[in-house]
Amino acid sequence: MNTHPFPELRPLSLGQILDRGIRLYRNNFLLFIGIFVVTQIPTFALGMSAIFVAGDLDIIFEQPGQYVEFIIVAIVIGLLGWLLTLLASAALSRTAAEKYLGQEIGLLEAYHRVKNDWTKLVMATVVSILLAITIVIWTLVPCVGWLTGAGMLWFYSSIIVPMLTPVIILEKRAGSTAFFRCWELGRRKFWDVVRFGFLVLIMGEVLTTGPSLLIELFLTSAMGFEQTSQVVPIVQQVVGTLIRIVYLPIPIICFTLLYIDLRVKTEGFDLHLQSVEPEEKSSIGQVFYSNNFVQAWKPTGEEMGYFLGVTLLTGIYGFVLDLIGLGVSFF
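Residues numbered from 1 in each chain as written. Predicted model: local features only at pLDDT ≥ 70, side-chain atom pairs only at ≥ 80, totals over all residues. Heavy atoms only, no water.

Student: Is there a simple way to explain the pattern of salt bridges in this structure?
Tutor: A side chain of one charge can pair with a side chain of the opposite charge if their charged atoms are brought near each other. For the coordinates displayed, the defined rule picks out 18 salt bridges. Its salt-bridge partner being Glu 109, residue Arg 113 comes within 2.1 Å of it at the nearest N-O pair. Here Arg 113 pairs with Glu 109, and both are found in helix α5 (residues 107-113), just four residues apart, close to one helical turn. Asp 261 is the partner of Lys 265 in a salt bridge, and the nearest nitrogen-oxygen pair spans 2.8 Å. One end of the pair, Lys 265, and the other, Asp 261, are both in helix α11 (residues 249-267), four residues apart, so they sit about a helical turn from each other. Given the relative accessible area of 3%, Asp 261 is considered buried. (Salt bridge = Lys/Arg side-chain N within 4 Å of Asp/Glu carboxyl O. Helix = DSSP H or I, 4+ residues; strand = E, 2+ residues; numbered from the N terminus. Buried < 20%, exposed > 50% of the residue type's maximum accessible area, 1.4 Å probe, protein only.)

What follows is the structure, given as structure tokens:
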């Protein structure tokens, strides 16, 4: 790998993080797209096969044995797509960090460098589901759970989970400590990362949900296809796959840069880069290594108040989305 001097890092605003993330994506478009294409093509092919099989569901329903087989195949396709997406996310996060720090890396090399780490993401994802269930149970606790649970769940799913990938891949952390590490980084700039999470969420709605709705309206209204027509899900599958390939790298890149920026602002990561020895510059693993461990992971009383504020924000956001949905269905 060819190395270059690390760029001079400085604390960034939220807009600057998004701007640098999108610029990095644009400058390495073919590489980032290629990382996702490698994993999405098999999932797309299997998904299309499932749609064609679903066209004969009336026959399948008459034969319970085949119906069970169809469900098993659908589950296998879903799991395969999930695993391949995790692998692509790991390779993309590593590539984004290296490119951001001026290093050269290719598509195959990106996958090679995460071959020993992406399994940690699999385990972390399984654990994340269990933790999400725990938070859901917390929301059932009278008063305090009702008020803070939704905010906790949003912060967890929109901030902590997306930051797991760079923390595990770049810091080489085990999944068990990665969650606490993400929480520790996020809580230091709580409202900054909340605003960042909402910006990424809104961007995702505009770039993914919007085009999908427009295509569905075009097929059913302008082209006259029925909702039950097999053409509609086929076109949606094709367009949805293209949208995922083009869009999914963006939040992964942006959260990788957010992770780096949080370390610059709270741990002096920019100063650390300046002190790195030349022979260490070829090892991103050593550059990002951190021995910081969370001493107190429980939310403080003040942070519980923060979660109450996030609960209110998610309620307002959901209400606005419902209004938009009503408007779209009306027209």
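Now that the structure has been shown, the text picks up again.
Student: I tried to follow the packing of aromatic side chains on my own but got confused; where do I start?
Tutor: The relative placement of two aromatic rings is captured by the distance of their centres and the angle of their planes. Evaluated as defined, the whole model comprises 16 aromatic pairs. Consider the rings of Tyr 25 and Phe 32, whose centres lie 6.3 Å apart with planes at 25°: the pair is stacked. Both residues of the pair, Tyr 25 and Phe 32, belong to the buried class. (Phe/Tyr/Trp six-rings, centres within 6.5 Å; stacked < 30°, edge-to-face > 60°.)

Student: Which parts of the structure should I look at to understand the nonpolar core?
Tutor: Considering soluble globular proteins, one finds that nonpolar side chains tend to be buried as a cluster. Judged by nonpolar contacts, the single largest core of 76 residues is most densely connected at Phe 155, Phe 196, Ile 260 and Phe 288. Looking at this core element by element, the count peaks at twelve residues for helix α7 (residues 144-171). Those residues within four positions of Phe 196 in sequence are excluded, and the remaining contacts are Leu 14, Ile 17, Leu 18, Cys 254, Phe 255 and Leu 258. (Core = buried A, V, L, I, M, F, W, Y, C linked by side-chain atoms within 4.5 Å. Contact = heavy atoms within 4.5 Å.)

Student: So what exactly am I meant to see when it comes to the side chain of Thr 139 here?
Tutor: Its location among the elements puts Thr 139 in the loop between α6 (118-138) and α7. A distance of 2.3 Å separates a polar side-chain atom of Thr 139 from the backbone oxygen of Val 136. (Polar contact = N/O pair within 3.5 Å; in protein donor to acceptor, adjacent residues only side chain to side chain.)

Student: Looking at this structure, how should I read unusual backbone geometry?
Tutor: Trans peptide bonds make up the majority, and among non-glycine residues the majority have a negative phi. In this structure, Cys 143 takes a positive phi of about 65° despite not being glycine. When you line up the elements, Cys 143 lands in the loop between α6 and α7. Under the relative-accessibility criterion, Cys 143 is labelled exposed at 52%. Unlike most non-glycine residues, Lys 172 shows phi in positive territory, near 60°. With respect to the element layout, Lys 172 can be found in the loop between α7 and α8 (175-188).

Student: How should I be thinking about the packing of α7 against α8 in this particular structure?
Tutor: Helix packing for two helices is described by the angle between their axes and how far apart those axes are. Running from N to C, α7 and α8 cross one another at 120°; their axes reach a closest spacing of 8 Å. When the axis of α7 is compared with that of α8, the two are oblique. Handedness of the α7/α8 crossing: right-handed. On the side of α7, the interface is formed by Phe 155, Tyr 156, Ile 160, Met 163, Leu 164, Val 167, Ile 168 and Glu 171, while α8 contributes Gly 175, Ala 178, Phe 179, Arg 181, Cys 182, Trp 183, Leu 185 and Gly 186. Looking at the contact of α7 with α8 residue by residue, the classes come out as twelve nonpolar, two polar and two charged. (Axes fitted to C-alpha atoms, helices over the stretch in contact; angles between N-to-C directions. Parallel < 35°, antiparallel > 145°, perpendicular 65-115°, else oblique. Left-handed = near helix turned anticlockwise from the far one by under 90°. Nonpolar A, V, L, I, M, F, W, Y, C, P; charged D, E, K, R; others polar.)

Student: For this particular structure, what's the right way to read the environment of Val 126?
Tutor: Within the fold, Val 126 resides in helix α6. In sequence terms Val 126 and Gly 175 are 49 residues apart; their C-alpha atoms lie 9.7 Å from each other.

Student: How should α7 be read in this particular structure?
Tutor: Along an α-helix, a turn takes 3.6 residues, which lines up residues three or four apart on a common side. The end-to-end C-alpha distance of α7, which contains 28 residues, comes to just 35 Å, noticeably less than the 40 Å that a straight helix rising 1.5 Å per residue would cover. Of all the bends in α7, the largest measures some 35° and sits at Tyr 156. With 20 of its 28 residues buried, α7 lies for the most part within the structure. One or two positions beyond α7, positive phi appears at Lys 172, with a value near 60°. (Expected span 1.5 Å × (residues − 1). Bend = angle between axes of the 7 residues up to and from the residue.)

Student: What is the right way to read a nonpolar patch on the surface from this model?
Tutor: A cluster of nonpolar side chains, Trp 191, Leu 313, Ile 316, Phe 319, Val 320, Leu 321, Leu 323, Ile 324 and Leu 326, forms an exposed patch at the surface whose accessible area comes to about 830 Å². Per-element accounting of the nonpolar patch gives the leading share, eight residues, to helix α14 (residues 301-330). As for its placement among the helices and strands, Leu 323 is situated in helix α14. The class for Leu 323 is partly exposed, based on a relative accessible area of 48%. (Patch = residues over 30% accessible without salt bridge, like charges linked within 9 Å, V, L, I, M, F, W, Y side chains within 5 Å. Areas by Shrake-Rupley, 256 points an atom, 1.4 Å probe, with all protein chains shown as cover.)

Student: Would you mind going over α11 with me for this structure?
Tutor: Over its 19 residues, α11 extends 26 Å from the first C-alpha to the last, a length consistent with the 27 Å expected when each residue adds 1.5 Å. Counting buried residues along α11, 16 of its 19 residues qualify, which places the element largely inside the surrounding structure. Following α11 by one or two positions, Gly 268 adopts a phi angle in the positive range, close to 65°.

Student: Looking at this model, I keep getting lost on the side chain of Thr 165. Mind explaining?
Tutor: Tracing the sequence through the fold places Thr 165 in helix α7. Here Thr 165 is in contact with Ser 89, Ala 90, Ser 93, Leu 121 and Leu 170, once residues within four sequence places are set aside.

Remember, this is a structural readout, not a statement about activity or role.
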